[in-house]
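Notes for the structure review
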Amino acid sequence: METNRREFLKSSSLLTGGALLSSLPFASYGFHSSNDDTIKIALVGCGGRGTGAAAQALSTKQNVKIVAMADAFQDRLDDAYTALTKRKYKDDAGVEIDVKSKIDVPKDRMFVGFDGYKQAIALADVVILATPPGFRPMHFEEAIRQNKHVFMEKPVATDAPGIRKVLATAEEAKRKKLNVVVGLQRHYQRNYREAMNRIHDGKIGDIVGGSVYWVSGGVWNNPRKPNQTEMEYQMRNWYYFNWLCGDHITEQHVHNIDVANWAKQGYPVSAQGTGGRQIRNGKEFGEIFDHHIVDFTYADGTLINSQCRHYEGTFSKVDEQFLGTTGRIDSFNGNNTVLKSYQGGKVIYAHEGKGDRNPYQVEHDELFAAIAKGEYKFADAENGAKSTLTSIMGRMATYSGKLIKWEEALNSNISLFPDQIAWDAKPKILPLADGFYPVAVPGKTITV
């Protein structure tokens, strides 16, 4: 394996002037020439999820090192660096991992601002993309342009133009044989893999219905500070603005929606639903809804119901259930899964997840193992984009009150991203005179 690894790294020296040699057997484009076998990582987006993903990448068995970091905010980058170099990390068995020794990021490889990602990407073999989702299409495009392997968090966009860019970049990544893993970690979770294998083998017949849920109490909020520009305020509170987050139906609930698509082995043809702001309706919650209920209809007529909400002090459920023609799966329930037939409730398959590995770690283990072996193995971006689009189609339906078809959602030219990205630039949505932000009104709001 080590010989293959060295040859894999050396092969990038054959590239000159940006020319691509398609005859190379694996994803050789993603590496600089190197005298050792170190896989160099750049972290783009240094918030909590980015810091966690970096720690997981450094917890793999490969010879890896973080050599560059980038974030729009200095304090976020500093916090991530401190966490990675001072915090103690342990593997699934509770054994402490030496993460600190794998950090080699001097000040001149710490990039702050909106354009720092380009410089960080240039220094690495593998890029971790964990900024707010609105930036994902441009960051992914740049990483593949620079011939890097990618781990990127979900969702992968917040609007249709972003989705189209990700889909185009995904095709380029395939052409270059660059590995791409998307943080829809249920695809790397043992009970989901085992259950889906049986579902697709027909153990409960054809999937004809189901429900997916992300109902919980909500997330953080950062109060507005004196002299803060609107751009900085929205960036600090990215969860509440659609150009950055996509609403919680996209930012969080995409996980469960993706599981529905996985079970159906396809994507819905239409969506209709309802939503609004009933509890979380203060000005500090920006423009997003606090609940969405959507019916997704697939090509064979199967209807999957989707529910997500953010209400404090209420029933919580993050799960999926599916009905087949001969059986059902009532819950994935963390790591425990049971498939039952309709004939007396006979258990077809039962999975107890005690001892199962953390899927957040597994996705990095498998990605870096493939890279170290010189394998082209992962092409998650297309599914990541289409499951993200499914969630966006659901948002379009709840915001407009209309039936939204897949092609309408995909081809929408409504761009949420600002025309200019700078601290003194204006996002497209701004507060009204009373400090509240405009909110979608079903029956009036146009989404496609």
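Residues numbered from 1 in each chain as written. Predicted model: local features only at pLDDT ≥ 70, side-chain atom pairs only at ≥ 80, totals over all residues. Heavy atoms only, no water.

1. Here's the deal with the domain arrangement of the chain
- Each domain of the chain was delimited in the assignment, giving domain 1 (37-184) and domain 2 (189-353 + 378-409).
- Once you take the C-alpha centre of each, domain 1 and domain 2 turn out to be 25 Å apart.
- At the junction of the two partners, domain 1 supplies 31 residues and domain 2 supplies 29 residues.
- Among the residues domain 1 hides against domain 2, the three largest losses belong to F73, T158 and L184. Together they make up 24% of the total.
- At the junction of domain 1 and domain 2, the tally comes to 3 salt bridges.
- In this structure, D75 and R236 form a salt bridge, with 2.9 Å as the shortest nitrogen-oxygen distance.
- Breaking the side of domain 1 that touches domain 2 down by element, the ones donating at least two residues are helix 3 (74-86), helix 6 (160-176) and strand 8 (180-182).
- In terms of residue count, the dominant contributor to the side of domain 1 that touches domain 2 is helix 6 (7 residues). (Domains from an automatic or database assignment. Contact = heavy atoms within 4.5 Å. Buried area = accessible area lost by both parts, 1.4 Å probe. Salt bridge = Lys/Arg side-chain N within 4 Å of Asp/Glu carboxyl O. Helix = DSSP H or I, 4+ residues; strand = E, 2+ residues; numbered from the N terminus.)

2. Some words on unusual backbone geometry
- For the bond running from K154 to P155, omega is -25°, close enough to zero to count as cis.
- Turning to its location among the elements, P155 is positioned in the loop between strand 7 (149-152) and helix 6.
- Although it is not a glycine, N227 sits at a positive phi angle of roughly 65°.
- With respect to the helices and strands, the residue N227 is situated in the loop between strand 9 (207-216) and helix 8 (230-236).
- Phi at D247 is positive, roughly 75°, even though this residue is not glycine.

3. So, the pairing of strand 9
- With respect to burial, strand 9 is a largely interior element, 9 of its 10 residues being buried.
- As paired elements, strand 9 and strand 13 (residues 317-324) share 8 bridges and run antiparallel to each other. Looking at the pairing, V212 lines up with E320 of strand 13.
- Pairing analysis gives 8 bridges linking strand 9 to strand 12 (residues 303-310), with the strands arranged parallel. Note that in strand 12 the partner of S216 across the bridge is H310. (Buried < 20%, exposed > 50% of the residue type's maximum accessible area, 1.4 Å probe, protein only. Pairing = 2+ DSSP bridges.)

4. Some details on the sheet that holds strand 17 (residues 404-405)
- Across the sheet, which stays open at both edges, the 9 strands sit in the order 16-15-14-13-9-12-11-10-17 with mixed pairing between neighbours. The open sheet has two edge strands, strand 16 (347-351) and strand 17, and neither has a second partner.
- Bridging between strand 14 (residues 327-329) and strand 15 (residues 337-341) involves 3 bridges; their strand directions are antiparallel. Paired with R328 across the bridge in strand 15 is K340.
- Relative to strand 10 (residues 270-276), helix 12 (residues 381-400) is tilted by about 55°, and along the sheet it contacts strand 10, strand 11 (291-297) and strand 17. (Axes fitted to C-alpha atoms, helices over the stretch in contact; angles between N-to-C directions.)

5. Topic: the nonpolar core
- F140, M152, I163 and F322 are the most contacted members of the largest nonpolar core, which has 65 residues in total.
- Ranked by the residues each element gives to this core, the list is headed by helix 12, at 7 residues.
- Of the domains in this structure, domain 1 (37-184) and domain 2 (189-353 + 378-409) are the two that each give at least three residues to this core.
- Other than its neighbours up to four places away in sequence, I163 contacts V156, A157, A385, T388, L389, I392 and L410. (Core = buried A, V, L, I, M, F, W, Y, C linked by side-chain atoms within 4.5 Å.)

6. Regarding the environment of H139
- Examined against the element boundaries, H139 turns out to sit in helix 5 (residues 136-145).
- Note on H139: relative accessible area 4%, which makes it buried.
- Separated by 18 residues in sequence, H139 and I121 have C-alpha atoms that sit 9.1 Å apart.
- Each residue touching H139, except ones within four places of it in the same chain, is listed here: V44, Y117, I121, L129 and T131.

7. A closer look at helix 3
- Between its first and last C-alpha, helix 3 extends 18 Å over 13 residues, near the 18 Å set by a 1.5 Å rise per residue.
- Of all the residues in helix 3, the buried ones are L77, A80, A83, L84 and T85.
- On its buried side, helix 3 packs onto helix 2 (48-58), strand 2 (64-71), strand 3 (89-90) and strand 5 (110-112). (Expected span 1.5 Å × (residues − 1).)

8. Description of the layout of surface pockets
- If you add up the space inside the largest pocket, you get close to 920 Å³.
- If you list the elements that add at least two residues to the lining of the largest pocket, you get helix 2, strand 2, helix 3, helix 5 and helix 8.
- Taken domain by domain, the makeup of the lining of the largest pocket includes at least three residues from each of domain 1 (37-184) and domain 2 (189-353 + 378-409).
- As a volume, the second largest pocket reaches approximately 410 Å³.
- Lining the second largest pocket are 19 residues, and of these N242, E287, Y399, I414 and L416 lie nearest its centre.
- Across the lining of the second largest pocket, the residue classes tally to 10 nonpolar, 5 polar and 4 charged. (1 Å grid on protein atoms, 1.4 Å probe; cavity = no way out; pocket = protein on both sides within 12 Å on 5 of 7 lines; lining within 4 Å. Points joined across faces, edges and corners; volume = space filled by probe spheres on them. Nonpolar A, V, L, I, M, F, W, Y, C, P; charged D, E, K, R; others polar.)

9. What to know about empty space enclosed by the protein
- Counted by the stated rule, this structure contains 1 cavity of 30 Å³ or more.
- Approximately 30 Å³ is the volume found for the largest cavity.
- In terms of lining residues, the largest cavity is bounded by A170, A173, K174, V180, Y376, A379 and A381.
- With 3 residues, helix 6 is the largest single contributor of residues to the lining of the largest cavity.
- Of the residues that constitute the lining of the largest cavity, the class distribution is 6 nonpolar, no polar and 1 charged.

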